[in-house]
Amino acid sequence: MSPTTTKEISIGDVAAREAAGINQMDGEDRMALNVGPSHPTTHGVLRLILELNGDLIEKCEPVLGYLHRGDEKIAENMTYNQFVPYTDRLDYLSPLANNVAYAISVEKLTGLELPERCQAIRVLVCELARISSHLLGMGVFGMDAGAWTPFMYTFTEREKLYTLFEELTGARFTTSYTRIGGVARDIPEGWLDRVSKFCDELPFATDEVEKLLTRNRIFLDRTEGIGQITKEDALAYGLTGPNLRASGIDLDLRKDKPYSGYEKYDFDVPIGTRGDCYDRYLVRIEEVRQSIRIIKQVIADFPSGAWYAEDAKKIFAPPKEKILSSMEELIQNFMIVTEGPQIPSGEVYFEAENPKGALGFYIVSKGGGVPYRMKIRAPSFCNLSILEKLVPGHQLSDITVILGSLDFVMGECDR
Amino acid sequence: MIANEVAYNGKVEGDVIVTKADAVINWIRKHSVWPMPMGLACCAIELMASAASRYDISRFGMEVMRFSPRQSDCMIVAGTVTYKMAEVVRRIYDQMGDPKWVVAMGACASTGGMYRSYAVMQGVDNIVPVDVYVSGCPPRPEALLDAMMKLQDKIGKESSVKALTKSASAVSS
Amino acid sequence: MIDQDFIDELLVKHEYLSLVSHEDCLTLSCNRDHWLNFASYLSLEETFDLLVDLTAIDHGEDAEVRFSVVCHYYSRVHHDYIRVHVECASNENPEILSISSVYPSADWHERETFDMFGIRFTNHPNMKRILMWDEYPYFPLRKEFPLAGIDTPLPAPDVVEVTDASVEPAPMMGGPFVSSGSGPMSDSEPRAKDESWTEKSEKPV
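About the cut-offs
Residues numbered from 1 in each chain as written. Chains lettered and ligands numbered in written order. Predicted model: local features only at pLDDT ≥ 70, side-chain atom pairs only at ≥ 80, totals over all residues. Heavy atoms only, no water. Buried < 20%, exposed > 50% of the residue type's maximum accessible area, 1.4 Å probe, protein only. Helix = DSSP H or I, 4+ residues; strand = E, 2+ residues; numbered from the N terminus. Pairing = 2+ DSSP bridges. Axes fitted to C-alpha atoms, helices over the stretch in contact; angles between N-to-C directions. Parallel < 35°, antiparallel > 145°, perpendicular 65-115°, else oblique. Left-handed = near helix turned anticlockwise from the far one by under 90°. Contact = heavy atoms within 4.5 Å. Nonpolar A, V, L, I, M, F, W, Y, C, P; charged D, E, K, R; others polar. Core = buried A, V, L, I, M, F, W, Y, C linked by side-chain atoms within 4.5 Å. Domains from an automatic or database assignment. Buried area = accessible area lost by both parts, 1.4 Å probe. Salt bridge = Lys/Arg side-chain N within 4 Å of Asp/Glu carboxyl O. Polar contact = N/O pair within 3.5 Å; in protein donor to acceptor, adjacent residues only side chain to side chain. Phe/Tyr/Trp six-rings, centres within 6.5 Å; stacked < 30°, edge-to-face > 60°.

1. What to know about the pairing of strand β5 (residues 80–87) of chain C
Residue and element names in this part refer to chain C.
- β5 sits mainly inside the fold: 7 of its 8 residues count as buried.
- Pairing analysis gives 5 bridges linking strand β2 (residues 26–30) to β5, with the strands arranged parallel. Bridge pairing in β5 places Thr-27 opposite Arg-83.
- Relative to β5, strand β4 (residues 67–75) runs antiparallel, the two sharing 8 bridges.

Structure below.
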């Protein structure tokens, strides 16, 4: 051991470290450390191979693919509607938002215009999904920093959301709610009231979490100034979503390229200033509040009318009661189930502002009911690519906080 | 009296308990299951939900989730096991001390589920012996709780003493 | 939005570009020798500072040019995407220049494209597989590769010794039933698209 490593250096103080010359040590004292793929802080099956110099990380090599399930190959082998359940399992913290992003990208190929009610339903479920995802993100982030209680509070709220999802879609978790050209079913009676009741109660819970974390000295010490991402780096590595906005870049596709009628609603886009772990947490908690705002506006002016594109006979299967009572609808349903929705040839790229970032679908169609090629642009995949640059220079214990603040999901990262 | 129950009747025996060794060992084992959450994919979130406020797995004495295989005796495989992950799952299983049990949570871990593809192992039972399979994609927390109680029943019926003496003789020989 | 003037100017400045018909965003086809130049032009002189996606398409074994790389740039000023198609040099050993020196985010995307299609990106700092394990012999997203997969040994010999496991083709007998959507009813009836083999019957030769 060379004498420089025994010097006491305060946590996260990069300047002091450089002054002590720790970053210019010889190679002989380094240690390789393997974190993951089964590790509590990696939120799934991420693996990091670290090169340590004492407690300092000098090099970080992420290894992915432990959850690579071949979604893109599967998509080439089934009809458009059959793929909807697989989109649930991409970012499995916000299945509803994934469903919507996928459905809109296919609809863009067909040039289909959806009725207002359907769009409003989609906006509503997207924002509920955002709340559910951020609640888990904050809870788990607190847990990574050593606080167990916020996790319990956020999970209580998530369970309320699960009850709402179950009533709407029939499933707590993997919802598969959209179809190409509409949604699976209309909203149940009285459901909107229960959603607005939930939205009224939620701020109390988020305030509680804020009380526990936002001004918590330990939490501040562990997150402030850690994992700072500059604006330039954030753009260069293709970060999107809250991680990009925490670095101070005003990019929200709901504002910049509105889809599904987002332009009708009034909301703010929270922006960070320093791009550290603390800012990423603050951005998320503010986004939850903005989502509540959007939901209240949607409910206040909920359109009536059809909840699916009625004129799209070759794309959307009619509701069950019509199938059972009319021959024409029966045949229409049969054709869509067997041959898939008939999508014209062409290529399309669509990105939606998902809780984790911009989830994009690039679809190449050669006509018929099966895509020729489908590429899923996963926000977590791009967000994680910055790790190689971000992690070196931090202490080993900062890894948990940095990973927690990036809020990624391996299901969509590896696909 | 059922052979697997701990017999205790203070009025007759005073402070002495007379029972079978198997019953005592199994009774101890089944009420102190320390799960190792092998959270791989979507099911891991439902696993978290069952540990969180509404479902509260600690009602059944299994809340001590340990991420270190050395400290745990029941591996809950929650999620899709890919071929790349398979070796890791097996290595972690090997590191767990005996006796150990495995719960395959969800369709993916049980059979490969909806992922019939080149990258996914069609069931974790290809590499580790599974004690309880849970259906569902993902299973509800209630289903997991039920599975854990089934596992307790199973542990209660094992012939632990035989297994102990067998492994001891295997070591000595 | 990108307007017509912008497109005209772009095409005049760069004669190696050609316009492709498009439905959603501006789509260009770029000559492969110039595609790195064009990427740095978009990044440095235009406002397309976000490379959102990079991937490839396999046009099938019989196609004249089999592989083409597609990438999407986003501009925060125009609020719009540009899609660029580039054809890869060889059908057997496809190759193309890496743009990771201009856009660091391309690094992982290019590794993934190599992993899935076998397209080599020259000058890439770390051209190896990212999703499948390093020794995996196939490129799964190529059209001739079956969805079920192909027999391969597992990467860990010690685990194979204990468990006797290997990478086996997934049984497809209950697989998704898809219709080809054309031809007489007897041909187009829905069936598992990848109907190679099942657990019980051998793979038809």
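2. Focus: the packing of helix α2 (residues 21–30) of chain B against helix α6 (residues 141–156) of chain B
Residue and element names in this part refer to chain B.
- Packing of α2 against α6 leaves a shortest axis separation of 8 Å and a crossing angle of 160 degrees. Taken as axis vectors, α2 and α6 run roughly antiparallel relative to one another. Between α2 and α6 lies a crossing of right-handed hand. Contacts between α2 and α6 involve Asn-26, Arg-29 and Lys-30 from the first element and Gln-152, Ile-155 and Gly-156 from the second.
- Residues that form the contact of α2 with α6 fall into these classes: 1 nonpolar, 3 polar and 2 charged.

3. Describing the nonpolar core
- Core analysis: the biggest nonpolar cluster contains 226 residues, and Leu64(A), Leu384(A), Met75(B), Trp35(C), Phe38(C), Tyr73(C) and Ile82(C) have the highest contact counts within it.
- Top contributing element to this core by residue count: helix α5 (residues 116–144) of chain A, with 15 residues.
- Core analysis: the next-biggest nonpolar cluster, separate from the first, contains 21 residues, Tyr55(B), Ile57(B), Met62(B) and Ala78(B) among them.

4. Digging into the domain arrangement of chain C
Residues and elements named next belong to chain C.
- When cut into domains, chain C gives domain 1 (4–143) and domain 2 (146–179 + 191–205).
- Each of domain 1 and domain 2 has a C-alpha centre, and the two are 32 Å apart.
- Each partner contributes to the interface: domain 1 provides 5 residues, whereas domain 2 provides 6 residues.
- Between domain 1 and domain 2, roughly 420 Å² of surface is buried when both sides are summed, and carbon and sulfur atoms account for 71% of that area.
- Taken as a group, Trp-133, Tyr-136 and Tyr-138 account for 79% of the area that domain 1 buries against domain 2, more than any other trio of residues on that side.
- Counting the contacts that link domain 1 with domain 2 gives 0 salt bridges.
- In this structure, the connection of domain 1 to domain 2 is made through 0 residue pairs in polar contact (both at pLDDT 80 or more).

5. Quick word on the sheet that holds strand β3 (residues 50–58) of chain C
All names here are of chain C.
- If you trace the 5 strands from one edge of the open sheet to the other, you get β1-β2-β5-β4-β3, paired in mixed fashion. Whereas interior strands pair on both sides, the edge strands pair on one side only; in this sheet they are β1 (17–20) and β3. Adjacent strand axes in the sheet meet at a mean angle of 25 degrees when their direction is disregarded.
- Contacting β1, β2 and β5, helix α1 (residues 4–13) crosses the sheet at an angle of about 145 degrees to β1.

6. What to know about the pattern of salt bridges
Residues and elements named next belong to chain A.
- Inspection of every chain in the model, using the stated rule, returns 55 salt bridges over all chains.
- The salt bridge partner of Lys-296 is Asp-200, with a shortest N-O separation of 3.4 Å. Note that Lys-296 is positioned in helix α12 (residues 277–300) and Asp-200 in helix α7 (residues 191–213), a separation of 96 residues in sequence.
- On the basis of relative accessible area, Lys-296 is assigned to the partly exposed category, the value being 40%.
- Given the relative accessible area of 43%, Asp-200 is considered partly exposed.

7. Focus: the packing of aromatic side chains
- The tally for this structure, following the rule as stated, stands at 30 aromatic pairs over all chains.
- Ring centres of Tyr308(A) and Phe316(A) lie 4.8 Å apart, and the angle between their planes is 15 degrees; on these two criteria the pair is classed as stacked.
- With a relative accessible area of 8%, Tyr308(A) lands in the buried category.
- Taken together through their ring pairs, the aromatic side chains of Phe83(A), Tyr86(A), Tyr102(A), Phe361(A) and Tyr115(B) make up a single cluster.

8. Some points on unusual backbone geometry
- Backbone torsion omega between Asp98(B) and Pro99(B) reads -10 degrees, so that peptide bond is classified as cis.
- Note on placement: Pro99(B) falls in the loop between α4 (83–95) and β3 (101–105).
- Phi at Asp407(A) is positive, roughly 50 degrees, even though this residue is not glycine.
- Mapped onto the elements, Asp407(A) comes out in the loop between α17 (398–406) and α18 (410–414).
- Residue Asp407(A) is classed as buried on the basis of its relative accessible area, which comes to 3%.
- Backbone geometry at Asn123(C) places phi at a positive 70 degrees, although glycine is not the residue there.

9. Concerning the interface of chain C and chain B
- Taken together, the contact pairs 27 residues of chain C with 13 residues of chain B.
- Both sides of the chain C and chain B interface together cover about 1600 Å² of buried area, and 66% of this is carbon and sulfur.
- Along the contact surface separating chain C from chain B lie 1 salt bridge.
- Close ionic contact of Asp158(C) with Arg91(B) constitutes a salt bridge, the shortest N to O distance being 2.9 Å.
- Summed over the shared surface of chain C and chain B, the result is 4 residue pairs in polar contact (both at pLDDT 80 or more).
- Top element by residues in the side of chain C that touches chain B is helix α4 (residues 157–163) of chain C. It accounts for 4 residues.

10. Observations regarding the environment of Tyr103(C)
- Among the structural elements, Tyr103(C) can be located in the loop between β6 (95–97) and α3 (106–117).
- Setting aside chain neighbours within four positions, we find Tyr103(C) in contact with Ala236(A), Ala39(C), Leu42(C), Ser43(C), Phe48(C), Asp49(C), Leu50(C), Leu51(C) and Tyr73(C).
- A polar contact is formed between the side chain of Tyr103(C) and the backbone nitrogen of Ser43(C), at a distance of 3.4 Å.

11. Quick look at the interface of chain C and chain A
- Taken residue by residue, the interface counts 54 residues in chain C and 47 residues in chain A.
- Run the count over chain C and chain A and you get 7 salt bridges.
- Linking Arg83(C) and Glu347(A) is a salt bridge whose minimum nitrogen-to-oxygen distance equals 3.5 Å.
- Counting every contact that joins chain C to chain A gives 19 residue pairs in polar contact (both at pLDDT 80 or more).
- Mapped onto the side of chain C that touches chain A, the elements with two or more residues apiece are β3, β4, β5, α3, β8 (177–178) and α5 (185–188) of chain C.
- Tallying contributions element by element places β3(C) first for the side of chain C that touches chain A, with 9 residues.
- Taken together, the residues of the side of chain C that touches chain A sort by class into 28 nonpolar, 12 polar and 14 charged.

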